[in-house]
Structures are given as structure tokens and as C-alpha cells.
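Descriptive structure summary
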Amino acid sequence: YGYADNRVDCGGSIIAPGFIDVQINGGYGIDFSQASEDVSAGVSFVAKKILEHGVTSFCPTLVTSPPDVYHKVLPQVKVHSGGAHGAGVLGFHLEGPFISVEKKGAHPEQFLRAFRSGGIEDLMEAYGGLDNVAIVTLAPELASSQSVVRELCKRGITVSLGHSVANLSQAEEAVQHGASFITHLFNAMLPFHHRDPGIVGLLTSDQVPAGQTVYYGMIADGIHTNPAALRIAHRAHPSGLVLVTDAITAMGLPPGRHTLGQQVIEIQGLHAYVAGTKTLSGSIATMDMCVRHFKQASGCSVEEALEAASLHPAQLLGISHKKGNLDYGSDADFVLLNDALNVKATYISGQEVWRRGP
């Protein structure tokens, strides 16, 4: 098979690289933004359950929280490889608290912060440390954000732009300083406007440094983004599309009331709202659902749908030399699917870690 295919067809099954979810807030009753006594047990529980959805590695995501939550949660979970015990942890995705009040979405306003000292000190004060952190989402229009972007990139941490009212030039400046991701494109940002397309304009910007790719997350659950908007983004910049679930505690649970960090969330059908409002707050989609919906809504090839959940997130995190592909010498994290893209079995390091029953 050729690398361009990044999949193997074998007897009615498709072998594809294992899925990588870079934005998942929890699931199955576990909320990563809750400072429990044993956070790592909760992360491990979710890591085990998402194997059945083809996810072989992920970034546990924390929404905007008070400092004591970060200080308690972050030291408890280390980057580690996956296996029969569950999907591997690639590092935390810290979504906030350095985001826009106007585009806070489901993030509690009382815990939002600005960059007061204009540097890494603000991050340390909020988070307590940056060990085992893979991604930080921030709003690039905040004063002093550009020096923070540079400092994070220098430490090998991916900077994502999101929950923001930034105009295009502010977004381009952040990319020129090293930012390389957009958190859930179209959601919690200014809508596209022809005179200033805002962060969305990065998809076709001519100010992105040569050789640099801007990646963007899409919650392809049929709710967060109209299929036409999904098609526009994909056709404008197919090589940057990264499927994310943005899944919350309620993924895998029945409708009712659940939590997301400090907020109460109400599940109505496939929608997750901040209780008493119509503010969307993450999804209850699984990664294999997102792959199927993306393919159906965009009309893309099977290969493109699979790469958006595997190769692209690996490239974003700088780990595509070992994950997100089927190359010789890679980690042998792969998933077996049927022609309808339902997961039949999941493998990590060549070992079967989950298989669908007869």
C-alpha cells in the first residue's frame, strides 16, 4: 500500500492509524476538570473506555478552572504510553483561563484571567507548572499574549487560538510567533466577516510563515457546525483539519444533568447545554462518530476522514514520526474498521487492546 493511502484494505476491513483526540474533557461520568482525590483513576477509566472508539492516544482537556483545581489535577497525570490498560496520554490540553469574556462559551467568567505580568509568571500562577502539558488554548488579542505564545512554543507546548474575538492580523501575529492550532473552528470566535474574517481567515492567510501549517479543530458531531461550514473549512484547507470530540462527562451516559468543570450541564438529545441556557458546552460525540459524520457531511475520501483523526493531530503535536501513520518503524497503534467505518478492533504497539464482540 502507498503512504498516501495511509490505510490498508484487507478482506472487508480497513486498517488505519489509531485515532488521536487532542480535545476531550471527560466521559462516562468522569470530568477531568474536577479536582478529585484520584484524578489519574478517572483519566485511566476514560482511557480504557475510548479504546472501543478507536482512540489510541489523547490529551485530557481542562476547561477554565480556579488555580487550586489546576494545582491539584495537573501533577496527578503524567504523559504515558497506551496499552491494554487504555489509550496513551500525550499531555494535558489547558483550554483557558486566558480567554475572551465575550466568547467564554461554557467557561465560568469568574475564573477568566488576563496576562498581568506579561509573561510565563501568569501561567505558573494559574497552572502551578507546565510539566505534562501538550496544548494551551488562549485568546491572542489579550495584552502581552504574544510573549506568552513565544515562551510556550520555546518549551515545546502547542499554542492554540480560541474563545477569542481576535481579528485576522492579531491571529496572524500569534501564528508568526509560533501558534499552530485553532480550537474548535467557528465555535467561540467571531463569525466570518468578509472585511475581516478573524481567526477563520487563517485557513487561507498569506501571512503564515513558509513551511508552517495552521491546524484547526472541528467538532464534527452534526451540532456544533453546520455541514456546509464543515465543507467550506475542509475545501479551503484540507491538510489542516483535525477532528476533536470536545466530549464531556456525559459522553456514554443517558440524558440528564452532568458537570463540566464548575458548570452544570444539561443533556437534551445529542445537545449539551449549560443548564438553563442554550449555550453549547462540549459534545457527547465519540471519535468514530465524528469520523463517520465528517466523511458523510464533507464528501471526502475515506483516507481524508481517517487522516483528520490520526495523521493531522500527530503532525500538530510534532509526533508524526511515530504516530498517526502506518509507516515502518512507527508505534503500531492502529484500528480495524469495517467499510461503514465502525470500529472492529483497536491495537496499541501491535497488541490487540479491544475487539467488538460477535
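The structure this text deals with has already been given above.
Residues numbered from 1 in each chain as written. Predicted model: local features only at pLDDT ≥ 70, side-chain atom pairs only at ≥ 80, totals over all residues. Heavy atoms only, no water.

**Some words on the packing of aromatic side chains**
Tallied over the full model, the rule gives five aromatic pairs. Seen in terms of ring centroids, F98 and F115 are 4.4 Å apart; in terms of plane orientation they differ by 10 degrees. Their pairing is stacked. Separated by 17 residues along the polypeptide, F98 in the loop between β8 (92-95) and α3 (120-127) and F115 in the loop between β8 and α3 bring together distant segments of the chain. Of the two residues, F98 and F115, both sit in the buried class. With centroids separated by 4.6 Å and ring planes inclined at 10 degrees, the aromatic side chains of F334 and Y347 adopt a geometry described as stacked. Of this pair, F334 sits in strand β17 (residues 334-338) while Y347 sits in strand β18 (residues 343-348), placing them 13 residues apart in sequence. A residue is classified by how much of its surface remains accessible, and Y347, at 14% relative accessible area, is buried. (Phe/Tyr/Trp six-rings, centres within 6.5 Å; stacked < 30°, edge-to-face > 60°. Helix = DSSP H or I, 4+ residues; strand = E, 2+ residues; numbered from the N terminus. Buried < 20%, exposed > 50% of the residue type's maximum accessible area, 1.4 Å probe, protein only.)

**What about the state of the cysteines?**
Under the counting rule described, the total for this entry stands at zero disulfides. In this structure C59 is a free cysteine whose sulfur lies 15 Å from that of C153, the closest cysteine sulfur available. Given a relative accessible area of 0%, C59 falls into the buried group. Take C153: its relative accessible area is 25%, and that puts it in the partly exposed class. (Disulfide = S-S within 2.5 Å.)

**Section: the nonpolar core**
Counting residues in each nonpolar core, the largest one holds 85 residues, and the members touching the most others are F58, Y127 and L138. Non-local contacts of Y127, meaning those with residues more than four positions away in its chain, are made with Y70, H71, L74, L94, G96, P97, F98 and V136. Judged by nonpolar contacts, the second largest core, of 15 residues, contains I20, F181, I219 and A314. (Core = buried A, V, L, I, M, F, W, Y, C linked by side-chain atoms within 4.5 Å. Contact = heavy atoms within 4.5 Å.)

**Focus: the pattern of salt bridges**
Enumeration over the complete set of coordinates arrives at eleven salt bridges. A salt bridge links K104 to E109; the nearest nitrogen and oxygen atoms lie 3.6 Å apart. In this structure, E352 engages R355 in a salt bridge whose closest nitrogen and oxygen atoms are separated by 2.9 Å. A relative accessible area of 38% places E352 in the partly exposed class. Among the ionic contacts, a cluster of salt bridges with common partners joins R113, R116 and E125. (Salt bridge = Lys/Arg side-chain N within 4 Å of Asp/Glu carboxyl O.)

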